[in-house]
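Listed here are the chains, written in short residue letters.
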Amino acid sequence: MKRRRVEVNVGELDQLLEGARQAPLSDPDYKKISTALHALVDALAKPRSTEKSSSVLGKKDEPGAQPETGPSTQPDQTSDSKPPGHGRNGADAFESARKVETQHQQLKSGDSCPECPNGKVYVQKEPKALIRIVGQAPIQATVYELERLRCNLCGQVFTAEAPEGVGADKYDETVGSMVAQLKYGSGMPFNRLEKLEQRLGVPLPATTQWEIVEEAADLLKPAFEELIRQGAQGEIFHNDDTSMKILKLERPEGDTRTGVFTSGIVSVRGSDKIALFFTGRQHAGENLADVLRHRASGLSAPIQMCDALSRNEPKLSAGAEALLANCLSHGRRQFVDVAEDFPDECLYVLETLGAVYGADAAAREQKLSWEARLLLHQEKSGPLMEGLHQWMAEQLNGNKTEPNSGLGKAMKYLLRHWHKLTLFLRVPGAPLDNNICERALKMVVLLRKNALFYRTQHGADVGDLFTSLIHTCDLNRVNSFDYLTELQRYAAQLKANPAEWMPWNYRDTLTRPPGG
């Protein structure tokens, strides 16, 4: 909720309070003190960091929640127990750590036990893990001092050869991968990385960083183009956009648009997820339409999930179509925004939608097929959504809710887009919301907050390429640093057959014997 701005004169408030001792407050004086107190409460209130019902309406309003006082009925819990997911990472979490096998210094398998006379010791299946973590600069340098010898007669100089494995290039492929990770994956501007490396004794100017990632992007371009082609064959498309700035953007003659956007598109194709980013003057719907032009003919109509903004809907060519679904989270959020003013009504809506999401979570836990998930939603969620629709219609038509109030506007939003919001009750695989795309755009938002802008459209294209490759790796649980590095090392093979160098299959390609 937006905080009210109030001009407070402390001396004037003191006079009003002093006067209240002698006579009742006048209406203007009462309003002045009341406004100041409410503003103080708003300023001191802890901001809400989540839209969960327990945070919006209080824990006591959650169905099945424990009362605020009284003994807990949950077994085997102590007062200092932590929720799941909080604690130290085990050794298995360090997937990229270097593994060092260490044998026992005194014993080997089959030796007699030092503690008992007749026993023997054998190697256990699982070794004890000992984790040691060290810090290091993001970009490191090694100076090879090659000995030189000079003939005192002819003047010829003989220089030692570089050690085996030291390439001829000053910057290894890993440098481009790391700079791209920091800039486009973590939002660290080039200038900030330059200062960091300078402090650590490894100078890396911002202009050099740009030249490195620009050269790497040229090598990785076939992979990005293949992502677009394969992404176009997806079964579900999520799309949305966020604002961006390009300092030197050349617009077509007669273009009246003033906005610049980064569109995010997440394509779901079976178990693979592909993230695509496009920055420029086009909206998310236009960029999705460009992607779908690569779609093979004969495929069934895909599902498109977005919010209700018309600019997110693609204008497809004749014969092409998509099943449009709208984001249920956007509709829910409007009730969250007015929950403090209409707690009872919003509680009903949030609990109903919470039960729908609960059914969807159950489908994921049981790993149901799309058809089985549809049947589950029709059985569990269908009656809930029908009851919600009827209740909202009665509230508005029966004059129980003011249509122009915040609650009334939230209800009208759901009713107006009801058919698209409930596609998950009619079509197998239709998602409930667009959250996966909104999470993807957080990468772009982080970059915008830190680096502020792209200088040119070419710079934006390089950024789109790296954010697309990095986040696609994230979605498929692939180490993006290793992926970018290997693609640069095998740039010729990537260019010849990019389909074999996708995040989900490049490891198989690396282990395949030559000519296999």
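A short note on the overall build of the protein chain
Broken down by element type, the protein chain carries 17 helices and nine strands. A total of about 33,100 Å² of accessible surface is found on the protein chain, and carbon and sulfur atoms cover 50% of it.

A look at the confidence of the model for the protein chain
Looking at the protein chain, the pLDDT average stands at 86 and 89% of residues meet or exceed 70. Confidence over residues 60–79 falls short of pLDDT 50; this stretch has ten contacts with residues more than four positions distant or in other chains.

As for the packing of aromatic side chains
Across all of its chains, the model carries five aromatic pairs by this definition. With 5.0 Å between their ring centres and 70° between their planes, Tyr483 and Tyr506 make a pair best called edge-to-face. Here Tyr483 is found in helix H15 (residues 480–489), whereas its partner Tyr506 is found in helix H17 (residues 506–511), with 23 residues between them in sequence. For the pair Tyr483 and Tyr506, a shared accessibility class is recorded, and that class is buried. Geometry around Phe190 places Lys183 over its ring, the cationic atom sitting 4.6 Å from the centre.

Comments concerning helix H13 (residues 435–451)
With 17 residues, H13 should cover 24 Å at 1.5 Å per step; its first-to-last C-alpha distance of 25 Å lies within 8% of that length. Residues of H13 that are buried make contact with helix H4 (173–185), strand E3 (236–243), strand E5 (261–269), strand E6 (272–280), strand E9 (454–456) and helix H14 (457–475).

Side note on the layout of surface pockets
The calculated volume of the second largest pocket comes to roughly 830 Å³. The wall of the second largest pocket is formed by 23 residues, among which Lys273, Asp360, Arg364, Arg373 and Pro431 lie closest to the centre. When residues of the lining of the second largest pocket are traced back to their parent elements, those giving at least two are E3, helix H9 (343–365), helix H10 (370–397), H13 and H14. In terms of residue class, the lining of the second largest pocket is made up of twelve nonpolar, five polar and six charged.

Observations regarding empty space enclosed by the protein
The tally for this structure, following the rule as stated, stands at one cavity of 30 Å³ or more. Approximately 30 Å³ is the volume found for the largest cavity. Lining of the largest cavity is provided by Thr262, Phe277, Thr279, Val444, Leu447, Tyr454, Asp464 and Thr467. Elements with a contribution of two residues or more to the lining of the largest cavity: E6, H13 and H14. Its residues placed into classes, the lining of the largest cavity shows four nonpolar, three polar and one charged.

Notes on the sheet that holds strand E8 (residues 323–326)
The five strands are arranged E6-E5-E3-E7-E8 in an open sheet whose pairing can be described as mixed. Each having just a single partner strand, E6 and E8 make up the two edges of the open sheet. The sheet shows a mean angle of 20° between the axes of neighbouring strands, direction not considered. Bridge count between E3 and strand E7 (residues 303–306): three bridges; the pairing is parallel. Bridge pairing in E7 places Ile236 opposite Ile303. Sitting on the sheet, helix H7 (residues 284–292) touches E3, E5, E6 and E7, and the angle it makes with E3 is about 140°.

Rules of the game
Residues numbered from 1 in each chain as written. Predicted model: local features only at pLDDT ≥ 70, side-chain atom pairs only at ≥ 80, totals over all residues. Heavy atoms only, no water. Helix = DSSP H or I, 4+ residues; strand = E, 2+ residues; numbered from the N terminus. Areas by Shrake-Rupley, 256 points an atom, 1.4 Å probe, with all protein chains shown as cover. pLDDT = per-residue confidence, 0-100. Contact = heavy atoms within 4.5 Å. Phe/Tyr/Trp six-rings, centres within 6.5 Å; stacked < 30°, edge-to-face > 60°. Buried < 20%, exposed > 50% of the residue type's maximum accessible area, 1.4 Å probe, protein only. Lys NZ or Arg CZ within 6 Å of the ring centre and 35° of its normal. Expected span 1.5 Å × (residues − 1). 1 Å grid on protein atoms, 1.4 Å probe; cavity = no way out; pocket = protein on both sides within 12 Å on 5 of 7 lines; lining within 4 Å. Points joined across faces, edges and corners; volume = space filled by probe spheres on them. Nonpolar A, V, L, I, M, F, W, Y, C, P; charged D, E, K, R; others polar. Pairing = 2+ DSSP bridges. Axes fitted to C-alpha atoms, helices over the stretch in contact; angles between N-to-C directions.

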